[in-house]
Amino acid sequence: MTSTSAAFEKARAEDRAALIGYLPAGYPTVEGSAKALQVMVDAGCDAIEIGLPYSDPVMDGPTIQAAAQHALDAGVRTSDVLRVVEAVAATGVPTLVMTYWNPIERYGVERFAADLAQAGGAGLITPDITPDHGTEWIAAADAHDLDKVFLVAPSSTDDRIAMTASESRGFVYAAAVMGVTGARDASSDLAGPLVDRVRSNGDIPVAVGIGVSNGDQAADVASYADGVIVGSAFVRCLLDHPDDEAAGLEALRALTTDLAEGVRRAAR
Amino acid sequence: MSQTVPSGPMRYEADERGYFGETWGGRFMPEALVAALDELTVAWQDAMADADFVAQFERVLREYAGTPSRLYHAERLSETVGARVLLKREDLNHTGAHKIRNVLGQALLTKRMGKTRVIAETGAGQHGVASATAAAWFDLDCTVYMGSVDTRRQALNVARMQLLGAKVVPVESGSATLKDAINEALRDWVASVDHTAYLFGTAAGPHPFPSMVRDFCRGIGDEARAQCLDQYGVLPDAVAACVGGGSNAIGLFTAFLEDKSVEIHGFEPGGDGVETGRHAATIHAGEAGVLHGARTYVLQDEDGQTIESHSISAGLDYPGVGPQHSWLSAAGRATYTPVTDAQAMEAMALLSRTEGIIPAIESAHAVAGALDLAKRLGAEKGPDATIIVNLSGRGDKDMGTAIEWFGLGDAEEGPEADLDQTETVSQQ
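Residues numbered from 1 in each chain as written. Chains lettered and ligands numbered in written order. Predicted model: local features only at pLDDT ≥ 70, side-chain atom pairs only at ≥ 80, totals over all residues.

Caption draft 1: Quick peek at the overall build of chain A. Secondary structure summary: chain A contains 12 helices and 9 strands in total. Computed over the C-alpha atoms, the radius of gyration of chain A is 17 Å, within 12% of the 18 Å expected from 2.2 N^0.38 for a compact globule of 268 residues. In terms of overall dimensions, chain A has C-alpha extents of about 45 × 40 × 30 Å along its principal axes. By the burial criterion, 61% of the 268 residues in chain A qualify as buried. Across chain A, contacts joining residues at least 24 apart in sequence account for 73% of those joining residues at least 6 apart. (Helix = DSSP H or I, 4+ residues; strand = E, 2+ residues; numbered from the N terminus. Rg over C-alpha atoms; globule rule 2.2 N^0.38 Å. Buried ≥ 20, exposed ≤ 12 C-beta atoms within 10 Å, placed from the backbone. Contact = placed C-beta atoms within 7 Å.)

Caption draft 2: The arrangement of the sheet that holds strand β5 (residues 117–122) of chain B in detail. All names here are of chain B. Strand order in the open sheet formed by 4 strands is β7-β6-β5-β8, and the pairing between neighbours is parallel. Across the chains shown, the open sheet's two edge strands, defined by having one partner strand only, are β7 (167–171) and β8 (196–198). For this sheet, the mean angle separating the axes of adjacent strands, direction not counted, is 25°. Here β5 pairs with strand β6 (residues 141–147) via 6 bridges, running parallel. What sits directly across from glutamate 121, in β6, is tyrosine 145. (Pairing = 2+ DSSP bridges. Axes fitted to C-alpha atoms, helices over the stretch in contact; angles between N-to-C directions.)

Caption draft 3: Representation of the interface of chain A and chain B. Counting from both sides, the interface comprises 32 residues of chain A and, opposite them, 27 residues of chain B. Residue classes in the side of chain A that touches chain B are distributed as 15 nonpolar, 11 polar and 6 charged. (Nonpolar A, V, L, I, M, F, W, Y, C, P; charged D, E, K, R; others polar.)

Caption draft 4: Looking closely at the environment of Val41(A). Residue and element names in this part refer to chain A. Along the polypeptide, valine 41 turns up in helix α2 (residues 30–42). Valine 41 sits 20 residues away from glycine 21 along the chain, and the two C-alpha atoms are 8.5 Å apart. Apart from the residues lying within four places of it in its own chain, the contact partners of valine 41 are Ile48, Val88, Thr91 and Val93.

Caption draft 5: Broad picture of the confidence of the model for chain B. All names here are of chain B. Mean pLDDT for chain B: 93, with 94% of residues reaching 70 or above. This stretch, residues 1–9, has a pLDDT under 50; its non-local contacts, to residues over four places away or in other chains, come to 4 contacts. Note that pLDDT drops below 50 for residues 420–428; the model gives that stretch 10 contacts with residues more than four away or on any other chain. (pLDDT = per-residue confidence, 0-100.)

Caption draft 6: Region of interest: the sheet that holds strand β3 (residues 95–98) of chain A. All names here are of chain A. Spatially, β5-β4-β3-β2-β1-β9-β8-β7-β6 is the arrangement adopted by the 9 strands of the open sheet, whose pairing is parallel. Since the sheet does not close on itself, it has two edges, and those belong to β5 (147–149) and β6 (151–152), each with one partner. As defined by bridge partners, β3 adjoins strand β4 (residues 123–125) across 3 bridges and the pair is classed as parallel. Looking across to β4, one finds that methionine 98 is bridged to isoleucine 125. Contacts between helix α12 (residues 245–264) and the sheet are confined to β1 (18–24) and β9 (227–230), with β1 contributing the most and set at about 150° to the helix.

Caption draft 7: Molecular detail of the environment of Pro94(A). For Pro94(A), the location among the structural elements is in the loop between α4 (78–89) and β3. Here Pro94(A) is in contact with Thr2(A), Ser3(A), Thr4(A), Ala6(A), Ala7(A), Ala47(A) and Ala122(A), once residues within four sequence places are set aside.

Caption draft 8: Looking closely at the domain arrangement of chain B. Residues and elements named next belong to chain B. Domain assignment breaks chain B into domain 1 (28–63 + 98–213) and domain 2 (67–96 + 218–427). One C-alpha centre belongs to domain 1, the other to domain 2, and the line joining them spans 24 Å. In this assembly, 32 residues from domain 1 lie in contact with 34 residues from domain 2. Of all elements in the fold, only α2 (51–65), α4 (99–113), α5 (126–138), α6 (148–153), α8 (178–192) and α9 (209–217) reach the threshold of two or more residues within the side of domain 1 that touches domain 2. Residues of the side of domain 1 that touches domain 2, tallied by class, amount to 14 nonpolar, 12 polar and 6 charged. (Domains from an automatic or database assignment.)

Caption draft 9: Looking closely at the UniProt feature "active site" (unreviewed entry) in chain A. All names here are of chain A. Using the residue numbers shown here, the UniProt feature "active site" (unreviewed entry) corresponds to Glu49 and Asp60. By secondary structure assignment, the location of glutamate 49 is in strand β2 (residues 47–51). Residue glutamate 49 is classed as buried on the basis of its 29 C-beta neighbours within 10 Å. Beyond its immediate sequence surroundings of up to four residues, glutamate 49 is in contact with Ile20, Tyr22, Leu96, Met98 and Ile125. Its place among the elements puts aspartate 60 in the loop between β2 and α3 (62–73). Excluding anything up to four places from it in sequence, aspartate 60 contacts Gln65, Val180 and Thr181. (UniProt positions renumbered as here; feature names shortened; annotations may be inferred.)

Caption draft 10: α12(A), seen in detail. Residue and element names in this part refer to chain A. Taking 1.5 Å of rise per residue, the 20 residues of α12 would be expected to cover 28 Å, and the 29 Å separating its terminal C-alpha atoms lies within 8% of that figure. Three or more residues of α12 are buried, namely Gly248, Leu249, Leu252, Leu255, Thr256, Leu259, Ala260, Gly262 and Val263. Down the axis of α12, the buried side of the element spans an arc of 150°, and every buried residue falls inside it. In this structure, α12 carries Ala246 and Ala254 as exposed residues pointing more than 90 degrees from its buried face. (Expected span 1.5 Å × (residues − 1). Arc of directions from axis to C-beta.)

Caption draft 11: Structural detail: the UniProt feature "modified residue: N6-(pyridoxal phosphate)lysine" (unreviewed entry) in chain B. The UniProt entry lists Lys99(B) under the feature "modified residue: N6-(pyridoxal phosphate)lysine" (unreviewed entry), expressed in the numbering used here. Leaving out residues up to four positions away in the same chain, Lys99(B) has contacts with Gln126(B), His127(B) and Ala130(B).

Caption draft 12: Representation of the nonpolar core within the structure. The biggest cluster of nonpolar side chains holds 235 residues, and the ones touching the most others in it are Ala174(A), Val208(A), Val228(A) and Ile387(B). Top element by residues in this core is helix α15 (residues 361–381) of chain B. It accounts for 10 residues. Two domains each provide a minimum of three residues to this core, namely domain 1 (28–63 + 98–213) and domain 2 (67–96 + 218–427) of chain B. Beyond its immediate sequence surroundings of up to four residues, Ile387(B) is in contact with Ala83(B), Val85(B), Leu86(B), Pro236(B), Asp237(B), Ala238(B), Ala240(B), Ala370(B), Leu373(B), Ala374(B) and Leu377(B). (Core = buried A, V, L, I, M, F, W, Y, C linked by C-beta atoms within 7 Å.)

Caption draft 13: Up close: unusual backbone geometry. Looking along the chain, the bond that leaves Thr67(B) and enters Pro68(B) is cis, with omega of 0°. Position of Pro68(B) among the secondary structure elements: in the loop between α2 and β3 (71–73). In the segment running from His207(B) into Pro208(B), the intervening peptide bond is cis, with an omega of 15°. The residue Asp15(A) is not glycine, and still its phi comes out positive at about 55°.

Caption draft 14: Summary view of the pairing of β6(B). Among the 7 residues that make up β6(B), 6 are buried, leaving the element largely enclosed by the rest of the structure. Following the chain from β5(B) across α5(B) to the adjacent parallel β6(B), one finds a crossover that is right-handed. (Right-handed = clockwise from strand over helix to strand, strands pointing away.)

Shown next as structure tokens:
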């Protein structure tokens, strides 16, 4: 198991932000998603988030919904997600699972933590539980030495940001626009101040999810954040090539390369 | 004998974090919405403690919605079952259901909070119509999310909402029904929360919605309890309501929770029969999980993916249930029993023909369940045994379903043929 902090330490040593890439497990297939994530690692992602497809993803926009629904329709299971974690974590890059809460509660919180650690996973990102309602997960994560990545938003109060920063391990995920996931123009006057508010609570890295889809946007976010999270744009690469795996992987590789260059040329 | 269940005035209430019985409910929500939910919690609690707000709410209910609704003794029905059956006539409220109580309360709160836009989800369209009505009356912008499967099934309600000035957005994602409409409304709310209130349609979802919606609907039971004492000098032996999300049921039950002599019965949509897997009997056949922000009983598969529910009644067709109902069931204070589509449709015909009241198919589930209950209570306690049934809505909206089910609409057919068919279906 590699904690996500390793990725941030490496990036800090190179005076740059980390690039964190997301894909849901099971799209286009379980094996296909593992292969795609390995390409992203190979082309420069510093950490990986693997989405656990869920029937009621209230924080996701149409792009991620489409891929996750496809995976569910094809019968992807929680155990498949753990298999993808194992395959990606074997590259040595920190590998987290991003999941809505009910599948974890259903699997068994303690059992999931144990199996995730066994698979080499670094921890969980939990978009629909906050630390004040996540005591069971916090206990299981601590018992298995896993990262607990909670989210903050522009609407978060200072008190809640302090609470979230103190309960998180690995990094704090700043969802820096008020809205669901999806590629957008990625310029927001809310993101910088949000990162600053998290930083005033200590040293934990802050990664920003804001709909980045190219290297210039990544460079912009990397100028003020410790990590740049990219999801929908990666998913789009695969959705755009439904019947041509090689073309989809090539698009992923090109995008990752562009983004990895972006986080390296940021003015910091 | 010792009392194993603790008692006290607060034991059925949620704690300050929204948990009923320490387990059910809560707030499993994105951080982006927490500030808005906190703001709503404070505004609701302040409002309920403000005599002016409470008086304004009561005035709007009385003058605009037509409450208190009557408590009506269904004499012919009572004779057939051997007990006194009292119908709480929420079907006579403006817009034809109890739901107007909830939306007027939430819309009044929206105005008080200074927000200018409301959003709502709807399944059959009743909550959407009620929301559009309240938005028109309070001069608020209104957007209603409705599964595209439902917009096609309920075109008349779509037109009603549009006539009232609301924007209706068909939802294509997931199963394109009520749960997906809730998902889409939540997605809207995450992006619009600074000026938009989410008028949640039932006593489910994240804290404070289960408690707040209950408070706005509890007039049903408060009125019924006072009416029963006033008209008959006794408390009822039992109260009964249908349970989808459970707003009409919790609205009735709340007044009776501390009356230990009163049995509390919820009737869940049993669809084709629980054994077929095609049903929405969430408490009876679901398992504890988290859906739409609350821990409650959920119809879900082994991996925690929500299973699509089935009911002939679109208003009950939801794979979750309000968390307070889960708690009342777990605590043994209320009993939840499934009623099949066929039993509900039989009760719809029976009430139409014995009392001249066409109930919503939702409410027909309560009537069907109450018939067996009344027979038992009548046998135990005699003809003065009293049961209050919440007639939560009227059946006009369900005529399309009734036409199909009973084979109505052909003027050549006599009424006997239709009833025969009901009996045939119910015996299958």
